[in-house]
Amino acid sequence: MANGNDEAWWGKTKGLMITCLVIWAIFGFVIHFFVKALNEIVILGFPLGYYMAAQGSLIVFVILIFWFSGRQDAIDREFGVAEDDY
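Just so it is clear, the structure is predicted and the values come from calculations on it, not from any experiment.

**Q** Describe the side chain of serine 57, naming the residues involved and giving the relevant values.
**A** Relative to the assigned elements, serine 57 resides in helix α3 (residues 48–78). Residues contacting serine 57, with those up to four places away along its chain left out, are Phe27, His32 and Met52.

Next up, the structure:
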């Protein structure tokens, strides 16, 4: 990569990391601050606060990992630094 491409690549990668960290913080901490209020909402017989603490956050984290991986691969391919597929 040329020096100008380094900065552009890092800018996009940093933006993606910040976005993922914000989503992670929301589902890892912020949602759990509102558990009592979320327990007013019931889905399939379970209070939403319980569901988010027991399952919802974990599901979001797994989806976030795959989304991050796909987006980072697209950024790497855009700048010609992707790992070769075998």
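What follows continues from the structure just given.
**Q** Before we move on, can you summarise unusual backbone geometry with the specific residues and values?
**A** Phi is mostly negative for residues that are not glycine, and the peptide bonds are mostly trans. With phi around 50°, leucine 44 is a residue other than glycine that occupies positive phi space. Checked against the element boundaries, leucine 44 lands in the loop between β1 (42–43) and β2 (46–47). Residue leucine 44 is classed as exposed on the basis of its relative accessible area of 81%.

**Q** Mind laying out the environment of glutamate 83, listing which residues take part and the relevant values?
**A** Checked against the element boundaries, glutamate 83 lands in the segment after α3. Counting along the chain gives 53 residues from glutamate 83 to valine 30, while the straight-line C-alpha distance between them is 35 Å.

**Q** How would you sum up the environment of isoleucine 75? Please name residues and give values.
**A** Tracing the backbone shows isoleucine 75 in helix α3. Using a relative accessible area of 4% as the deciding quantity, one classes isoleucine 75 as buried. Beyond its immediate chain neighbours, meaning those up to four positions away, isoleucine 75 contacts Trp9, Lys12, Thr13 and Leu16.

**Q** Can you tell me about the environment of asparagine 39, naming the residues and giving the values?
**A** Along the chain, asparagine 39 turns up in the loop between α2 (35–38) and β1. Residues asparagine 39 and tyrosine 51, spaced 12 residues apart in sequence, show a C-alpha to C-alpha distance of 8.9 Å. Apart from residues no more than four positions distant in its own chain, asparagine 39 is found in contact with Pro47, Leu48, Gly49 and Tyr50.

**Q** Quick one: what's the story with α3, residue by residue and with numbers?
**A** Along α3, the sharpest change in direction is near 45° and occurs at glutamine 55. Looking at α3, one finds that the buried residues are Leu48, Gly49, Met52, Gly56, Ser57, Val60, Leu64, Gln72, Ile75 and Asp76. In the stretch just after α3, glycine 80 is the one whose phi turns positive, near 75°.

Conventions used here
- Residues numbered from 1 in each chain as written.
- Predicted model: local features only at pLDDT ≥ 70, side-chain atom pairs only at ≥ 80, totals over all residues.
- Heavy atoms only, no water.
- Helix = DSSP H or I, 4+ residues; strand = E, 2+ residues; numbered from the N terminus.
- Contact = heavy atoms within 4.5 Å.
- Buried < 20%, exposed > 50% of the residue type's maximum accessible area, 1.4 Å probe, protein only.
- Bend = angle between axes of the 7 residues up to and from the residue.

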